[in-house]
Amino acid sequence: MFKKILIANRGEIAVRIIRACRALGIKTVAVYSTADRNSLHTYLADEAVCIGPAAARDSYLNTTAILQAAKGKGADAIHPGYGFLSENSTFAKLCVENGIAWIGPSPEVIDRMGNKSQARRTMMDAGVPVVPGSARGVHDAEAALLEAREIGWPIMIKASSGGGGKGMRVSTCEADFIDQFNIAQRESQNAFGDNTMYMERFVQNPRHVEVQIIADEHGNVVALGERDCSVQRNHQKMIEESPCPVLDEAVRKQMMDDAVKAARAVGYTSAGTIEFLMDAAQNYYFMEMNTRIQVEHCVTEMVTHTDLMCEMIRVAAGEPLSFSQDDIVLHGHAIECRVNAEMPEKGFMPSPGIITQTHFPGGNGVRVDTATYDGFEITPYYDSMIAKIIVHGRDRTEAIAKMRTALEEMVVVGVSTNLDFQYAIMENETFCKGMADTGFIEKFLRGEV
């Protein structure tokens, strides 16, 4: 087992990793930017190193500074969390070359699955259902238009190296295709330094359903149930739950089997997520694989009674999984709300500032993952998340009731939040009936649901 792990991240995920390391008896090193000098993860870690100025490119994306910190503090492993460098194969390779273990899948697998067009081909070869779309990446708008005519409209145009809703546009007809392609391509170049695009048929009113998997170096691959992440704003998840409220048991079993098949096809190790789009008839299609732990892993932990973070660390240290597929049973229902410093009434514009007062909810079946405290500053440099509120109930009705209570109890003073917006969703009839799809938020804002 590792003796010391450097966490190449910040915020609540850094705190989560530190706590997992403590449970395993592992020392931790936090890294921080000048803007995060007083962040919670710097206090909870055994050691902390400043790695640069506030801008992420100069600190949390500064691979040289992070590697120097790891070597200087004698860390034998690096955990990247999610975001930032978590799916950066070049950094993962540098870690290995410097004799530092990478807590995640191999650089080769990150490359294979991080390139969406290549991932599509891999899944097609493995027999996993995919949405009709590009066979390979495209760079030229006119060439893309020829492919689009074969695929058929509406079409989703995506950055091949993208994520987080960046470099993504929907073309509804041939007339708007060139403009939408060029906009998405510019966003991709600016955000990821890559103008490679791919296209797929846009599934109307789908649900976003993903399967959590974890695999070790001994050939074991386990699927830990699915999460419904359909409630999104600006292509970014807002509310996640497990299990999916409408999934038939036979479809669930097939989806789990396909997720395991996908992981085996690429020789995957560590925690990861196979993401599917599912239509109203419960036909589902591979969308992408996230080669990292995800924000919403907590709901899976709640319903499976597992600790994914500890398991991820054990796997990276070469240990076999501590459970098998037969051990995974979904208990009850879990829901997660991402509480952000933002203004839903202004297009979810971030609301940076100093949190002058907080009160977090508690009680049976209530979990709060956060890195904030009274006096903490939400800066404009990073994600505006304040906390993740996760609840668990015997069934979905009980979980929704617990979430309403938790949101009512939570207090944040000093910045605007989406607390009231989240509460309104918990009272919405369409959501409560389990009928929300990926277009729910837009329809909710227009008063159509």
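Residues numbered from 1 in each chain as written. Predicted model: local features only at pLDDT ≥ 70, side-chain atom pairs only at ≥ 80, totals over all residues. Heavy atoms only, no water.

## A short note on the overall build of the chain
Across its full length, the chain holds 15 helices and 22 strands. Relative to its length of 449 residues, the chain is compact, with a C-alpha radius of gyration of 21 Å against a globular reference of 22 Å. Each principal axis of the C-alpha atoms in the chain carries an extent, and together these give about 55 × 50 × 45 Å. Expressed as a percentage of the 449 residues in the chain, the buried residues total 58%. Pairs at least 24 apart in sequence give 65% of the contacts found in the chain among residues at least 6 apart. Computed over 44 positive and 59 negative side-chain charges, the separation of the two mean positions in the chain equals 3 Å. (Helix = DSSP H or I, 4+ residues; strand = E, 2+ residues; numbered from the N terminus. Rg over C-alpha atoms; globule rule 2.2 N^0.38 Å. Buried < 20%, exposed > 50% of the residue type's maximum accessible area, 1.4 Å probe, protein only. Contact = heavy atoms within 4.5 Å. Lys, Arg positive; Asp, Glu negative; His and termini not counted. Charge placed at Lys NZ, Arg CZ, Asp CG, Glu CD.)

## Points about the sheet that holds strand E5 (residues 101–102)
Note: strands within a sheet are paired through backbone hydrogen bonds, in either parallel or antiparallel orientation. Reading across the sheet, the five strands line up as E3-E2-E1-E4-E5 and stay open at both edges, with parallel pairing between neighbours. Each edge of the sheet is formed by a strand with only one pairing partner; in this case those strands are strand E3 (47–52) and E5. Here strand E4 (residues 77–79) pairs with E5 via two bridges, running parallel. Bridge pairing in E5 links Ala77 to Ala101. (Pairing = 2+ DSSP bridges.)

## Focus on the pattern of salt bridges
Inspection of every chain in the model, using the stated rule, returns 31 salt bridges. Measuring nitrogen to oxygen at the nearest pair gives 3.3 Å for the salt bridge that ties Lys158 to Glu200. Residue Lys158 is found in strand E6 (residues 155–159), and its partner Glu200 is found in strand E8 (residues 197–201); the two are separated by 42 residues along the sequence. On the accessibility criterion, Lys158 (5% relative accessible area) is buried. Glu429 is paired through a salt bridge with Lys433; the nearest N and O atoms lie 2.9 Å apart. Residues Glu429 and Lys433 agree in their burial class; the two are exposed. Each of Glu210, Arg227, Lys237, Glu240, Glu275, Glu296 and Arg338 takes part in salt bridges that share partners, so that together they form one network. (Salt bridge = Lys/Arg side-chain N within 4 Å of Asp/Glu carboxyl O.)

## Quick look at the side chain of Thr370
Here Thr370 is to be found in strand E19 (residues 366–370). A polar side-chain atom of Thr370 sits 2.8 Å from a polar atom in the side chain of Thr372. Separated by 2.6 Å, the side chain of Thr370 and the backbone oxygen of Ile386 make a polar contact. (Polar contact = N/O pair within 3.5 Å; in protein donor to acceptor, adjacent residues only side chain to side chain.)

## Re the nonpolar core
Among the nonpolar cores identified, the biggest contains 35 residues, and Ile5, Ile214, Ile293 and Ile313 are the most heavily contacted of them. Per-element accounting of this core gives the leading share, seven residues, to helix H1 (residues 11–23). Core analysis: the second largest hydrophobic core is formed by 32 residues, Val231, Val339, Val412 and Phe444 among them. (Core = buried A, V, L, I, M, F, W, Y, C linked by side-chain atoms within 4.5 Å.)

## A look at the side chain of Arg292
Looking at where Arg292 falls in the secondary structure, it is placed in the loop between strand E13 (284–290) and helix H10 (297–304). Classification of Arg292 as buried rests on a relative accessible area of 16%.

## Some remarks on helix H11 (residues 308–316)
Along H11, seven of the nine residues are buried, which leaves the element largely enclosed by surrounding structure. Among all positions in H11, only Leu308, Met309, Cys310, Glu311, Met312, Ile313 and Val315 are buried. Capping the start of H11 is the job of one residue whose side-chain oxygen sits 3.2 Å from the backbone nitrogen of Met309: Asp307. Looking one or two residues past H11, Gly318 carries a phi angle of roughly 95 degrees, positive in sign.

## Re the sheet that holds E8
Sheet architecture is open: three strands sit in the order E7-E6-E8, paired in antiparallel fashion. Only two strands of the sheet have a single neighbouring strand rather than two, namely strand E7 (168–171) and E8. This sheet shows a mean twist of 25 degrees between the axes of neighbouring strands, independent of strand direction. Examined bridge by bridge, E6 and E7 share four bridges and lie antiparallel to one another. Counterpart to Ile157 in the pairing with E7 is Arg169. Helix H8 (residues 174–192) contacts E6, E7 and E8 of the sheet and is inclined by roughly 175 degrees relative to E7. (Axes fitted to C-alpha atoms, helices over the stretch in contact; angles between N-to-C directions.)

## Some words on the packing of aromatic side chains
For the structure on display, the rule yields 12 aromatic pairs. When the ring of Trp153 is compared with that of Phe177, the centres are 6.2 Å apart and the planes differ by 90 degrees; the resulting orientation is edge-to-face. Taken as a pair, Trp153 in the loop between helix H7 (141–151) and E6 and Phe177 in helix H8 lie far apart in primary sequence, 24 residues in all. For Trp153, a relative accessible area of 24% translates into the label partly exposed. Pairing Phe276 with Tyr284 gives two aromatic rings, centres 5.1 Å apart and planes at 75 degrees, and the pair type is edge-to-face. Exposure remark for Tyr284: the relative accessible area of 8% places this residue in the buried category. (Phe/Tyr/Trp six-rings, centres within 6.5 Å; stacked < 30°, edge-to-face > 60°.)

## What about the packing of H7 against H8?
Direction vectors running N to C along H7 and H8 enclose 135 degrees, while the axes themselves pass 10 Å from each other. Between H7 and H8, the angle falls in the class oblique. Pair H7 / H8 crosses with right-handed handedness. Packed against H7, whose contacting residues are Ala141, Glu142, Ala144, Leu145, Ala148 and Arg149, the element H8 presents Glu174, Phe177, Ile178, Phe181 and Asn182 at the interface. (Parallel < 35°, antiparallel > 145°, perpendicular 65-115°, else oblique. Left-handed = near helix turned anticlockwise from the far one by under 90°.)

## Some points on helix H5 (residues 107–114)
Buried residues of H5: Pro107, Val109, Ile110 and Met113, and no others. Down the axis, H5 shows its buried residues gathered within 160 degrees of arc, on one side only. At its buried positions, H5 is contacted by helix H4 (89–97), E5, helix H6 (116–126) and E13. (Arc of directions from axis to C-beta.)

## Examining unusual backbone geometry
Here the amide bond leading from Trp153 into Pro154 is cis, since omega sits at -5 degrees, within 30 degrees of zero. For the bond running from Ser242 to Pro243, omega is 0 degrees, close enough to zero to count as cis. Mapped onto the fold, Pro243 is located in the loop between strand E11 (236–242) and helix H9 (249–265). If you check the backbone angles, Phe84 has positive phi at about 45 degrees while not being a glycine. Take Phe84: its relative accessible area is 31%, and that puts it in the partly exposed class.

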